[in-house]
Amino acid sequence: MNLLELAGVKKSFGAVQVLNGVDLTVDAGEVLGLVGDNGAGKSTLMKSITGVYSTDKGHVRFDGIDVTHLDPGERREMGIEMIYQDLALAAQQDVANNIFLGREPTKRMLGLIPSFVDKRRIDRQAQEMLDQLGVHVPSVHIPVGMLSGGQQQTIAIARALTFKPKLVIMDEPTAALAVREVESVLKLIDQMRAEGIATILISHRLNDVFEACERIVVLRRGNVIADLKRDKTDMAEVVSYIVGAHG
Amino acid sequence: MLKLLERTHVRPESLAVLVGLAVVMAILSPVTGSGVRVFLTANNFFNIILASATFGILAIGATYVISAAGIDLSLGSVLGLASVSGAALVVTLEWPWYFAIIGSLGAGAAAGAVNGFIITRGHVPAFIVTLGMLGIARGLALIISDGRGIYGLPPEILFLGQARPWGIPTPVFILVAVALVAHYILAHTPFGHHTLALGDNENSARATGINVRRQRMMLYTISGLMAGIAGLIFTARVNTGDPTAGLSYELLAITAAIIGGTNLFGGRGSILGTMIGALIMGVLQNGLNLMAVQAYYQQMAIGAVLIAAVWLDQIRTRGRSLQ
Ligand SMILES: Nc1ncnc2c1ncn2[C@@H]1O[C@H](COP(=O)(O)OP(=O)(O)OP(=O)(O)O)[C@@H](O)[C@H]1O
Ligand SMILES: [Mg+2]
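Residues numbered from 1 in each chain as written. Chains lettered and ligands numbered in written order. Predicted model: local features only at pLDDT ≥ 70, side-chain atom pairs only at ≥ 80, totals over all residues. Heavy atoms only, no water.

Q: Where do I start with the packing of aromatic side chains in this structure?
A: Note on aromatic pairs: each is described by the distance of the centres and the angle between the planes. Evaluation of the coordinates by the stated rule reveals nine aromatic pairs over all chains. Summarising the aromatic geometry, the rings of A:Phe116 and B:Tyr184 are spaced 6.1 Å apart at their centres and angled 20° between planes, so their arrangement reads as stacked. Of this pair, A:Phe116 sits in strand β8 (residues 113–117) while B:Tyr184 sits in helix α8 (residues 170–188), which puts the two residues in different chains. No difference in accessibility class separates A:Phe116 from B:Tyr184, as the two residues are buried. Among the aromatic residues, ring-to-ring pairing joins B:Trp95, B:Trp97, B:Tyr98 and B:Phe99 into one connected group. Stacked on the ring of A:Phe163, the Lys or Arg A:Arg103 has its end atom at 4.5 Å from the ring centre. (Phe/Tyr/Trp six-rings, centres within 6.5 Å; stacked < 30°, edge-to-face > 60°. Helix = DSSP H or I, 4+ residues; strand = E, 2+ residues; numbered from the N terminus. Buried < 20%, exposed > 50% of the residue type's maximum accessible area, 1.4 Å probe, protein only. Lys NZ or Arg CZ within 6 Å of the ring centre and 35° of its normal.)

In structure tokens form, the structure reads like this:
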């Protein structure tokens, strides 16, 4: 059974048709590369998977359940996480709170008053997660907005991995990273595959895509125009699909 | 001390302004018969807190919506609507005394819920919706009361405004209780975290699964509820459901929140800071009263403080981002 299954997904913004009936499947533990020109609809497609956008037509199934009408919180609960292209971090909130945003663990204050956010636990677990990822930030107490672009990107990655996801969507996760950090993200994807976590990697850097992904899907003007096995294709072919020069 | 301020997100500057202002007012205020500065008498101290209590509670509502990058311009008018709604039920309709509480709090929360509903469902900017509500609530208050004060409330209600258990006016107890609960919710619950995150970056809130629409709906309802509580206290203090109560109080409330450190653009807010802001406004008003400065000039002073506070904040944040 497929972990994720999209069938006939359509989406338009006003008069602009962005997705024209997309079919796509992803297996558990699979690493899929999604490529396409600027404006091809990659981010829009991924946001319809996480529920940030509702689809006009079509179905999204995850883990055997139709999630088309679930909200982003419910889909996160089921194990869909996404690192957004714009990162979607709250700049004035601190690192730890960002990692736990929407998932704050609570306890009773003085054993009495309910809904007390367990800040100590948030700080400790956030620090553990960052250590595990080998990320260095000065402190989990500083506002995310004061970190560098690359550091912010790793905070977004930490947030996606903290809650035992089944599928992690990464929208340009390496765009702001130095060479060494890019390598560690690719290594991380490998590690996730070993743990059975599926990944969809969106990137304009085809080298990275070929290194990390066994399967590559090309989106062009809101249609899937190619679904290729890494071992049976090459960069030239993928590029020709991206620019629409194929066939 | 500094650590406590930091933990509660209170700006040390606002505390300094409060102390400085109090010193200035003490020096400038006239001397009583027994040779004490009027400003420094215990009675005057309670006057300040009593006056601050009404718009202090409004300022709590303002803090919630502003730190979520919203605004509520209808606070003062909803206070007036709540004041006459409670009084009309008990005085005009002769229902039991507790309907003054139900009526005031209910009218406030309902007006806030209407704001929230139109903002979230109709995608009309909060600025416009609450500006419209400013007119609607005031008009409704005048209609309900036929343009006159509704006088003569039962003693149970007067207790909420005029009694002094242990020598301290009841509204002070109410303000402190409301402020503590509001502080707990904003600083220590998921609801508070979500409020600040929503004001910080709506995309972030949505992406992490926060129900943005429900959050906003609740925030405007809370803001209205605060106006309801303030309206009840007002009624009890003057023994009248007054349709003109809270006129231009939104100016005081928003100013108190902003000088207390709430980020006008969302993402940051502290109830304790707001309380200091409310005291600053209270001291300013009281001091000007004691010096017999005309009310017209006081309005100008308060407006100027609001603009100056935001201006200074802009200079400071610009300076920071240029570094
Ligand atoms: N919220 C929105 N409102 C209106 N139009 C939108 C919105 N989001 C995306 N679009 C439009 O949809 C199209 C596809 O955008 P999308 O962001 O999905 O492309 P993409 O493949 O991710 O591009 P890139 O590689 O540049 O990130 C673009 O033409 C864009 O202008
Ligand atoms: Mg994109």
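Next, the rest of the story.
Q: How should I be thinking about the side chain of B:Asp72 in this particular structure?
A: Residue and element names in this part refer to chain B. Its location among the elements puts Asp72 in the loop between α3 (42–67) and α4 (75–92). For Asp72, the side chain forms a polar contact with the side chain of Ser223, separated by 2.7 Å. In this structure, Asp72 is in contact with Val65, Asn115, Thr130, Ser223 and Ile254, ignoring residues within four places of it in sequence. (Polar contact = N/O pair within 3.5 Å; in protein donor to acceptor, adjacent residues only side chain to side chain. Contact = heavy atoms within 4.5 Å.)

Q: Help me understand the sheet that holds strand β9 (residues 167–171) of chain A in this model?
A: In a beta sheet, neighbouring strands are held together by backbone hydrogen bonds and run either parallel or antiparallel to one another. Residue and element names in this part refer to chain A. Taken in spatial order, the six strands of this open sheet run β6-β9-β10-β3-β11-β12, and their pairing is mixed. Two strands close off the open sheet at either side, each with one partner strand: β6 (80–83) and β12 (223–229). For this sheet, the mean inter-axis angle between neighbouring strands, taken without regard to orientation, is 20°. Both strand β3 (residues 31–35) and strand β11 (residues 215–220) contribute to a ladder of four bridges, which runs parallel. Each bridged residue has a counterpart across the sheet, and for Leu34 the counterpart in β11 is Val217. The sheet contacts of helix α8 (residues 235–243) involve β3, β11 and β12, and relative to β11 the element is tilted by about 20°. (Pairing = 2+ DSSP bridges. Axes fitted to C-alpha atoms, helices over the stretch in contact; angles between N-to-C directions.)

Q: Please clarify how the interface of chain A and chain B should be interpreted in this entry.
A: A common way to report how large an interface is uses the accessible area buried once the components associate. Listed per partner, the contact involves 24 residues of chain A and 21 residues of chain B. Between chain A and chain B lies a buried interface of about 1,800 Å² when both sides are counted; carbon and sulfur atoms form 56% of it. In terms of surface lost to chain B, no three residues of chain A exceed A:Gln92, A:Gln93 and A:Leu101, which account for 27% of the buried area on that side. Linking chain A with chain B are zero salt bridges. Counting every contact that joins chain A to chain B gives 13 residue pairs in polar contact (both at pLDDT 80 or more). Elements represented by at least two residues in the side of chain A that touches chain B include exactly α2 (72–78), β7 (106–109) and β8 of chain A. Ranked by residue count, the leading element in the side of chain A that touches chain B is β8(A), at five residues. (Buried area = accessible area lost by both parts, 1.4 Å probe. Salt bridge = Lys/Arg side-chain N within 4 Å of Asp/Glu carboxyl O.)

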